[in-house]
Amino acid sequence: FIDVGIAEEHAIALVSGLAKGGAKAIFSTHSTFIQRTYDQLQQDLCANSNPATLLVTSAGADGMNDTTHLCIFDIPLLANIPNLVYLCPTCVEELKAMTDWAIEQNERPVAIRVSNRVLHRSEKFDVDYADLNKFKVERCGSRVAIIGLGDFYSRGVAVAEELKKKGVDATLVNPRYASGIDEALLDELAANHSVIVTLENGVTAGGFGEKVAAYCSATGKMKVLVRGLAKEFYDKVDFATLCQKNRLEPEQIMVDVERALD
């Protein structure tokens, strides 16, 4: 263990050098502090593809909530750096599986988004994530596909239950990767789905959902509802209020989906 204090920039350069030398280097910091490391992430770590593991903790709008300590900007920041894989586990068990893989692989830097909430799922999770950007279909349906990133997968499950009351059997997808999209799966969904909903616990501008929407817009076969937070400096706004304001409650999303289906 090496305590670098609040020198996050130094920490990234340090783990990059350690990884280059063959160490299993792991760096952990809250989402709000990863912004300090942007130059080192690009030039020291990712430009050299050094296989360090980064744990981005307290991630999401339900993490820290002061204007200067918001945990909602990490997805656009990290997911758009070349050579960096950004994984978003849905629960504790998937987090462990992803972390084990990230530490043992030697190909590339991997960041893992650690939710502020403790969620559990009694599922069997993959142990190898080298097949990059491969989304996982958890439940097959039709007409509507819900892609819930990370801890918002559980919100996707709730949305699916609301839609089921209205006679819509939605497909549920765990995308797992924030840094890329599964183009093959999106092409498959276009055969019997007309609406896709993306859910992410962070700002949507430059984020995961916009990647999905950009790809799907080329075909025009599916409407994409990108759901997350508007790009703002929120200050001490509680999570429930943020969700209500950004139409992230399952009932609100269900209404929006119904409108899109008309």
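See the structure printed just above.
Read on for a plain summary of the structure. Because the structure is a prediction, the values reported are computed rather than measured. (Residues numbered from 1 in each chain as written. Predicted model: local features only at pLDDT ≥ 70, side-chain atom pairs only at ≥ 80, totals over all residues. Heavy atoms only, no water.)

**Some words on the packing of aromatic side chains**
The line we're drawing: Note on ring pairs: Phe, Tyr and Trp rings are taken, using the six-membered ring of Trp, and paired if centres are within 6.5 Å. Classes follow the plane angle, with under 30 degrees stacked, over 60 edge-to-face and the rest tilted. Put simply, a charge is over a ring when the Lys NZ or the Arg CZ is close to the ring centre, within 6 Å, and near the line of the ring normal, within 35 degrees.
According to the stated counting rule, one finds 3 aromatic pairs in the structure shown. The aromatic ring of F152 is capped on one face by R155, whose charged end is 4.9 Å from the ring centroid.

**As for the state of the cysteines**
Note the following rule: The criterion for a disulfide is a pair of cysteine sulfur atoms lying within 2.5 Å. Only protein chains enter the accessibility calculation, which uses a 1.4 Å probe; a residue is then buried when its area is under 20% of its type maximum, exposed when over 50%, and partly exposed in between.
Overall, the coordinates contain 0 disulfides when judged by the stated rule. A disulfide-free cysteine, C71 has its sulfur positioned 14 Å from the sulfur of C88, the nearest such atom. Of the residues examined, C71 reaches a relative accessible area of 0% and is grouped as buried. C140 takes part in no disulfide bond, and the closest cysteine sulfur, belonging to C216, lies 17 Å away. Here C140 falls in the exposed class, since its relative accessible area comes to 66%.

**Thoughts on the sheet that holds strand β9 (residues 171-174)**
In plain terms, the rule: We call two strands paired when DSSP finds no fewer than two bridges between them. A helix here means a DSSP run of H or I that spans at least four residues, while a strand means a run of E at least two residues long, and both kinds are numbered starting from the N terminus. Helix axes are fitted only over the stretch in contact, all axes being lines through C-alpha atoms; the angle between N-to-C directions runs from 0 to 180 degrees.
Ordered in space as β7-β9-β8-β10-β11, the 5 strands form an open sheet in which the pairing is mixed. On the outer flanks of this sheet lie β7 (136-139) and β11 (223-229), each paired with one strand and no other. Pairwise comparison of adjacent strand axes, ignoring direction, gives a mean angle of 25 degrees for this sheet. Bridging between strand β10 (residues 193-203) and β11 involves 6 bridges; their strand directions are parallel. Bridge pairing links I196 to V224 in β11.

**Regarding empty space enclosed by the protein**
Summary: where empty space remains is shown by rolling a probe the size of a single water molecule over the atoms. In plain terms, the rule: A pocket, in this scheme, is an open set of points on a 1 Å grid over the protein atoms alone with protein on both sides within 12 Å along at least 5 of 7 lines, while a cavity is a set where a 1.4 Å probe fits but cannot get out; residues line either one if an atom lies within 4 Å of a point. Grid points are joined across faces, edges and corners, and a volume is the space filled by probe spheres set on the points. Charged means Asp, Glu, Lys or Arg here, nonpolar means Ala, Val, Leu, Ile, Met, Phe, Trp, Tyr, Cys or Pro, and polar covers whatever is left, Gly included.
In total, this model carries 2 cavities of 30 Å³ or more according to the counting rule given. When its volume is computed, the largest cavity comes out at roughly 60 Å³. A59, I75, C88, P89, R113, S115, L149, G150, D151, E200 and N201 together form the lining of the largest cavity. Among the residues making up the lining of the largest cavity, the classes are represented as 5 nonpolar, 3 polar and 3 charged. Approximately 50 Å³ is the volume attributed to the second largest cavity. As for the second largest cavity, its lining consists of G60, A61, M64, N65, L70, C71, I72, Y234, K236, V237 and L242. A per-class count over the lining of the second largest cavity returns 8 nonpolar, 2 polar and 1 charged.

**Overview of helix α2 (residues 38-46)**
Heads up, the condition is: The directions considered for the arc run from the helix axis to the C-beta atoms. Whether two residues touch is decided by their heavy atoms; if any such pair falls within 4.5 Å, the residues are in contact.
Three or more residues of α2 are buried, namely Q40, L41, L45 and C46. Seen end-on, α2 carries its buried residues on one side only, within an arc spanning 135 degrees. Contact partners of the buried residues in α2: α1 (8-20), β2 (53-59) and α3 (74-78).

**Some words on the nonpolar core**
For clarity, the cut-off: For the purposes of this section, nonpolar cores are sets of buried Ala, Val, Leu, Ile, Met, Phe, Trp, Tyr and Cys residues that join through side-chain atoms within 4.5 Å.
Counting 38 residues, the largest nonpolar core has L41, L54, L78, L186, I196 and F208 as its most contacted members. Those elements that place two or more of their residues in this core are α1, α2, β2, α3, β8 (143-148), α6 (183-189) and α7 (208-217). Broken down by element, this core gets its largest block of residues, 4 residues, from α1. Look past the residues within four positions of L186 in its chain and what remains in contact with it is I147, I181, I196, V212, Y215, C216 and M222. Within the second largest apolar cluster, 27 residues are counted, among which are L163, V195, V203 and V257.

**Details of helix α9 (residues 250-261)**
Our working definition: Any helix carries an expected span of 1.5 Å times its number of residues minus one.
With 12 residues, α9 extends 16 Å from end C-alpha to end C-alpha; this agrees with the ideal 16 Å at 1.5 Å per step. Those residues of α9 lying buried are P250, Q252, I253, M254, D256, V257 and A260.

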